[in-house]
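# Coordinate inspection notes
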Amino acid sequence: MLKRLKFLALLGCAALLLPAWSARTVYVARHGQVGDKKFYDSAVKEPKLTPLGIEQAQMLANFLVKQKNFNGKILVSPIYRTIETGTYVAALLDNRPVILEPGIQEIARKKTHPGMTLAQINERFAGKTLPGSAFKDLWRLSFESDDARQLRVNAALERILKEHDGDLLLVTHGAVVGNLRRALEARKVPGAKLARGSAWNCSLHIYELDDNDRVKSSAYTTEYMPDAKVTSNFRTPKIPRPDDPRYGEKVKKSPKRKKTPPAVSQRQPGERLVLITRHCQQTGGSSDPSCIRPIPDDAGISPLGIKQAKNLGKELKRLNFKGKIYTSPYFRCVATGSYAAQECGSTVYPDARIQQRSRRKGGNLKNGGATLAQLRKLFPAQIAPDAVLADDWMNKNAETMPGQRARIKVALEQILAENPGMDILIVSHGSAVPEYGFNLTGKKPKGFVWNCALFKFAINKKGKVRYLGYDISFMPENEVTSNLKHSLVKEKAGVKAVEKSGVDYEF
């Protein structure tokens, strides 16, 4: 027994001398130079590396492999220039395939063209790529706010570190280098010394991680490239290039602005959530027997709409939503709130103050819409016992867009005041959703108002509002729609929305 104890003690001492197996280095690089129209793939509408961009990628590869002894995995944004940059590093590592990672894709503030499909990538980089766990065709994002991009990168980094062991090289884009830097710096150990630098083409941010994937230190370098070959595409060379008219003048430094911390997906202590969403997919006057339309003259909802609403409820549960769901009294909004409430355990308050804008004199519905009694019969377990709704709730006067904004402002202030400190979800209509964001922050939040798209806000005890971002990630891409007119899949395929439909309502 004594010998065994001595053996275990020696084994423990030996273990202390061994290095931590999971301690590793994460390299973050921007792609090589692009921007010359002579180097462009018109079939997929993406630029290729310029000759200088190729040279930058080769210099990066030599530095990583021959000086830093890099022998890990290479993850790239699935865009031509980042894949191409990554393959030059892979060429020095027995041409190992680079891993396609959409979580570190380019910024997408506006509508973007669809990204390359796996088949298109294989045509151009045969045998050189491997789809990552998050890659699928139609991966390219559109209408993504800056805050939403930071949240997307945060989640991608978390997943990447869990899925891949050993050293990693992440090849991405200029703005996303900054997002990855902030995501990694949020993991620093106390007292860690961090370095920063500009996101030049093929510049390198280097992060040393401990055995818990916390950042111990970081470095930044472009030492492997002569200054004359350090660029930011054709916009900002590190040193002036009067010999080449394609380069713009060196950008003058703008006055320092107060830095704002990146948005986070969860509330901070003392904050309440205020969430705004559009109703699920509605079907207008569709005669499809699978659609649910229990209120004459009011639009019904589709089976897909029910899925959207339930996924919304699951997201509320994930967010630890503890509060009330207020809905416009139109059936599609009440149904959305009710199916969501089934998933998160909340209750629904149909409220005339947040009804749809009346587009004509006499109101939008000839029969005046559902009564509270009818709605209770449809959703007995979800409609709150203390909900109040007049039978003649519908606005009979035509309302302008400025009139709607003013009404929403009053309604929002009243609802928040009536429920101090409580989480609130408002289920409304397409044209109204941005107005809630405007009244909360003074500007309309970015993001397309798909069915059940979620706009997240947090308010602290002093009434300060913080925009947390826009989210549709809780719904499969093929289930993201704008009623029957449009869908995310069609959007990414370049198909325009149907302007008019005999079975669809305007909102």
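Refer to the structure above for everything that follows.
So, a few notes on the structure that sits alongside this text. (Residues numbered from 1 in each chain as written. Predicted model: local features only at pLDDT ≥ 70, side-chain atom pairs only at ≥ 80, totals over all residues. Heavy atoms only, no water.)

A word on the overall build of the protein chain. Counting its regular elements, the protein chain contains 12 helices and 20 strands. In the protein chain, buried positions account for 52% of the 507 residues. Counting contacts in the protein chain only where the partners sit at least 6 residues apart, residues at least 24 apart contribute 72% of the total. A total accessible area of about 24400 Å² is found for the protein chain, and carbon and sulfur atoms account for 55% of it. (Helix = DSSP H or I, 4+ residues; strand = E, 2+ residues; numbered from the N terminus. Buried < 20%, exposed > 50% of the residue type's maximum accessible area, 1.4 Å probe, protein only. Contact = heavy atoms within 4.5 Å. Areas by Shrake-Rupley, 256 points an atom, 1.4 Å probe, with all protein chains shown as cover.)

This paragraph deals with the packing of helix H5 (residues 146-163) against helix H6 (residues 174-185). Across the interface, H5 lies against H6 with an axial gap of 9 Å and an inter-helix angle of 60°. Compared by their axis directions, H5 and H6 come out oblique. As H5 packs across H6, the resulting crossing turns out to be right-handed. Between H5, through Arg149, Gln150, Val153, Asn154 and Leu157, and H6, the contact on the second element is made entirely by Ala175, Val176, Asn179, Leu180, Arg182, Ala183 and Leu184. A breakdown of the residues in the contact of H5 with H6 according to their chemical character gives 7 nonpolar, 3 polar and 2 charged. (Axes fitted to C-alpha atoms, helices over the stretch in contact; angles between N-to-C directions. Parallel < 35°, antiparallel > 145°, perpendicular 65-115°, else oblique. Left-handed = near helix turned anticlockwise from the far one by under 90°. Nonpolar A, V, L, I, M, F, W, Y, C, P; charged D, E, K, R; others polar.)

Okay, the environment of Ala341 next. On the secondary structure map, Ala341 appears in helix H8 (residues 331-344). We classify Ala341 as buried; its relative accessible area is 3%. C-alpha of Ala341 to C-alpha of Ile383: the two residues are 42 residues apart in sequence and 9.2 Å apart in space.

Pairing between the strands of a sheet is mediated by backbone hydrogen bonds and can be parallel or antiparallel. In spatial order, the strands read S15-S14-S16-S11-S17-S18; together these 6 strands make up an open sheet with mixed pairing. Among the strands making up the open sheet, the edge pair consists of strand S15 (347-350) and strand S18 (465-471). Across the sheet, the axes of successive neighbouring strands diverge by a mean angle of 20°, strand direction being ignored. Examined bridge by bridge, strand S14 (residues 323-327) and strand S16 (residues 423-428) share 5 bridges and lie parallel to one another. Its bridge partner being in S16, Thr327 is matched across the sheet by Val427. Contacts from helix H10 (residues 401-418) reach strand S11 (272-278), S14, S16 and strand S17 (454-459) within the one sheet, and its direction differs from that of S16 by about 150°. (Pairing = 2+ DSSP bridges.)

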